[in-house]
Every structure is written in C-alpha cells, then in structure tokens.
Amino acid sequence: MSFESEMAGYWVFVGFIGLVWMYWWLIKLLKKKVRRTQSANQAATPAPAMLSEAELERYSRHIILKEIGGAGQKKLKEAKVLVVGVGGLGAPALQYLAAAGCGTIGLIDEDVVEHSNLQRQVIHMDKHLGMPKVFSAQTLLQEQNPFISLRPYHRRFDHTCAPLIEEYDLILDCSDNSQTRYLLNQLCFDYQKPLIGAALSSWEGQISCFHLEENAPCYECIFPKAIQTGSSQAGEEFSCSQIGIASPITGVLGSMMALEAVKIIVGVGAPLSSQMLIYNGLHGTVLQVKTKKDAACSSCAAL
Ligand SMILES: [Zn+2]
C-alpha cells in the first residue's frame, strides 16, 4: 500500500471519529435542553401530592377500594379540613380524618380537658386534664399519623375566624351551641365551602351536609333562627351536662361526619345533601328525611 493511500485511510478514520463525537455532543445538548424545560415546567405548576412507600402501605386498604384508589388517596392528602369543636363529635371525627390520611387538619376549640369530658371525648387522655383540648388532640393525632399536618387554634370560634373558613376546603361543625352553628352556616355559605353538621342529644344524633348544591337547604333553612330562639326560653340550650349523653353515640355520629368528609373530598357516593339522617341508639332505628330549601331563609335565600 502506498503512503498516499495509507494517509487517505487515516483521514477517513479521523473524520468518522469526528462525526461520531459531533453526534454524541448534539444528543447531549438536546437532552440538557429537555431537562431544563421539564424543570421550568415543574417550577411553574405545583407538583401533585406524592405518596411515599410508607404511605402507600399505610393506606393500602383505601387504595384497593375502587371508589378511592391511589388518585382518591392523593386527594385526601391534598385536602384541608377544619374541625370546629374538639369534644364529643370532634374527637372521633378527627381521629378518623387523621387515620384516613387527610393531609391538613385545622382544629379549633377554646376549652381545656375536664374530668367530665373523658366519658366520651376519646381523643383526650386522663394525663391531659387541664390542657387545652386542641393541644391534647394534636398530641394523639400526630402520634397516630405522622404523615399529616395539624394546625391547632386555641380560641373561641367567632366572626373573626372568617379567614380560616376561606383557607380550608371543607368544614366540620362539631360545636355544641347554636350560636356557632348559625355563624358557621353563614360563613360557609358566604365562602361557598361545604359544611358537615351534626348534633347529639342523649341517645340520638342527626347529621346532614350543606352548601354542596345550589338548591339544597342550608342549616338555617332546616332550623330557622326564630323558631330555635322561641323554643328555647331566653336562648337557653339543652347541653350534655343538663340532660346527659350515652358515650358511644358521639362515636357513631363523629365517625359518620368523617365518612361524609372522605366521600366529599374524594368525590364518590351520595353525601347527605338535602337529606338528614337521624340515628336513635336507644331503639336502634335510623330515619332519613328529605330536607327542603326555605325561600325566605335569612342565610341563603336569593336577595
Ligand atoms: Zn338557608
């Protein structure tokens, strides 16, 4: 082979290597560009809630339910629920919301744990006597589920709490007085936030959901203020301390509230909108009554 042909072969080889290198460099450049675009997109839109391996295992019995699945569990993780009242209804409602994986839970109550609470408010322990209920509940809930975020508000619920209603996706009325119930109903109507309400009496409890549909009744449609005030002399209310209450009835209704919350957050089943379910524990009866919007309601009627 002549020297010229050897040199020609050498330059063909060098040219080939050069082409391969250029091709590799071009691919690398393109990949870098794609990665940069992806991270820019991720920064522009909030990342959907991701479930860790531990959470997938923890919520596996939810995830295998066809009505919830992984998508529903992520909705629960993203949900922000405010529970007003950490007593008989609030205790079981909070425990099941936390166990179910509700991502952010606000709890508001001005009271401290007393001896007479422990017969039914199962979220509070004997060692927590004298402690504000919101902190006592926070301790137990965080131990139950370290994957959720808890926001305790040690204060009375009043009209200055309106920004809280705006902040949360769903509200549970676990209060024990009509003043708070009417205020919650009005604020949830104003901010168009779903409200789950329940009430207890001795052996009986009732539950309903409000502000889920435009033509469904609100709390005041069913319990007009004038009638409530007229039937309870000087605004006096019957409370657990006056008429007593069977301990487990709080668990039944509080758990029902948590169940309605899960249904509303995930978007499955038929929430108790325009329906009131009344459970009598003494006789083991369940009554479901249809409720109607009051055209003259001072809370939700069209102006
Ligand atoms: Zn109304």
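Residues numbered from 1 in each chain as written. Predicted model: local features only at pLDDT ≥ 70, side-chain atom pairs only at ≥ 80, totals over all residues. Heavy atoms only, no water.

Trainee: I'm lost on the overall build of the chain in this one. Help?
Mentor: Counting its regular elements, the chain contains 12 helices and 8 strands. Here the chain, with 303 residues, has 41% of them falling under the buried criterion. Partitioning the contacts of the chain with sequence separation of at least 6, the portion at a separation of at least 24 is 65%. Carbon and sulfur atoms form 60% of the exposed surface of the chain, whose accessible area is close to 17200 Å². (Helix = DSSP H or I, 4+ residues; strand = E, 2+ residues; numbered from the N terminus. Buried < 20%, exposed > 50% of the residue type's maximum accessible area, 1.4 Å probe, protein only. Contact = heavy atoms within 4.5 Å. Areas by Shrake-Rupley, 256 points an atom, 1.4 Å probe, with all protein chains shown as cover.)

Trainee: Got a minute to help me understand the packing of helix α4 (residues 69-78) against helix α12 (residues 247-266) in this structure?
Mentor: Helix-helix packing: each pair is described by the crossing angle between the helix axes and the interaxial distance. Direction vectors running N to C along α4 and α12 enclose 110°, while the axes themselves pass 9 Å from each other. Relative to α12, α4 is oriented roughly perpendicular. In contact with Gly 72, Lys 75 and Leu 76 of α4, α12 contributes Val 262, Ile 265 and Val 266. A breakdown of the residues in the contact of α4 with α12 according to their chemical character gives 4 nonpolar, 1 polar and 1 charged. (Axes fitted to C-alpha atoms, helices over the stretch in contact; angles between N-to-C directions. Parallel < 35°, antiparallel > 145°, perpendicular 65-115°, else oblique. Nonpolar A, V, L, I, M, F, W, Y, C, P; charged D, E, K, R; others polar.)

Trainee: Would you mind showing me how to read the pattern of salt bridges here?
Mentor: When the charged atoms of two side chains lie near each other, side chains of opposite charge can form a pair. This model, assessed by the stated rule, comprises 6 salt bridges. The residue Glu 55 makes a salt bridge to Lys 77 at a minimum N-O spacing of 3.1 Å. On the criterion of sequence distance, the pair formed by Glu 55 in helix α2 (residues 53-58) and Lys 77 in helix α4 is long-range, its members being 22 residues apart. Residue class for Glu 55 comes out buried when judged on its relative accessible area of 4%. Arg 155 serves as the salt-bridge partner of Asp 158, at 2.9 Å between the closest nitrogen and oxygen. Accessibility expressed as a relative area gives 26% for Asp 158, which makes it partly exposed. Classification of Arg 155 as partly exposed rests on a relative accessible area of 31%. (Salt bridge = Lys/Arg side-chain N within 4 Å of Asp/Glu carboxyl O.)

Trainee: Got a minute to help me understand the packing of aromatic side chains in this structure?
Mentor: The geometry of an aromatic ring pair comes down to the distance between the two centres and the angle between the two planes. Taken as a whole, this structure holds 3 aromatic pairs when the rule is applied. Seen in terms of ring centroids, Tyr 182 and Tyr 219 are 5.3 Å apart; in terms of plane orientation they differ by 65°. Their pairing is edge-to-face. Separated by 37 residues along the polypeptide, Tyr 182 in helix α8 (residues 178-191) and Tyr 219 in helix α9 (residues 219-222) bring together distant segments of the chain. Judged by relative accessible area, Tyr 219 falls into the buried class, the value being 10%. Both rings, one in Tyr 219 and one in Phe 223, keep their centres 5.1 Å apart while their planes meet at 40°; by these two values the pair is tilted. Following the ring pairs from residue to residue traces out a cluster consisting of Tyr 182, Phe 210, Tyr 219 and Phe 223. The ring centre of Tyr 168 lies 5.9 Å from the NZ or CZ of Lys 80, which sits over that ring. (Phe/Tyr/Trp six-rings, centres within 6.5 Å; stacked < 30°, edge-to-face > 60°. Lys NZ or Arg CZ within 6 Å of the ring centre and 35° of its normal.)

Trainee: Any chance you could explain α4 here in plain terms?
Mentor: In an α-helix there are 3.6 residues to a turn, and that puts residues three or four apart on one side. Those residues of α4 that sit buried are Gly 69, Gly 72, Gln 73 and Leu 76. Within α4, the buried residues cover an arc of 100° as seen down the axis, which keeps them to one side. (Arc of directions from axis to C-beta.)

Trainee: I tried to follow the pairing of strand β5 (residues 195-201) on my own but got confused; where do I start?
Mentor: Residues in a regular strand project their side chains so that they alternate between the two faces of the sheet. Counting buried positions over the 7 residues of β5 gives 5, a clear majority of the element. Sheet analysis places strand β4 (residues 170-173) next to β5, joined by 3 bridges and oriented parallel. Looking at the pairing, Asp 173 lines up with Gly 197 of β5. Handedness of the crossover joining β4 and β5 through α8: right-handed. Relative to strand β6 (residues 204-210), β5 is paired through 7 bridges, and the arrangement is antiparallel. The residue of β6 that forms the bridge with Ala 198 is Ile 207. Between the antiparallel neighbours β5 and β6 lie 2 residues, among them Ser 202 with a positive phi of about 55°. (Pairing = 2+ DSSP bridges. Right-handed = clockwise from strand over helix to strand, strands pointing away.)

Trainee: Looking at this structure, I do not really get the sheet that holds β4. What am I missing?
Mentor: The strand order β3-β2-β1-β4-β5-β6-β7-β8 describes an open sheet built from 8 strands, whose pairing is mixed. Of all strands in the sheet, those bounded by a partner on one side alone are β3 (149-153) and β8 (285-290). Each neighbouring strand pair of the sheet contributes to a mean axis angle of 15°, computed without reference to strand direction. Each of β1 (80-84), β4 and β5 touches α8; the most contacted strand, β5, lies at about 165° to it. Sitting on the sheet, α12 touches β1, β4, β5, β6 and β7 (275-280), and the angle it makes with β6 is about 15°.

Read these as spatial facts, not as claims about activity.
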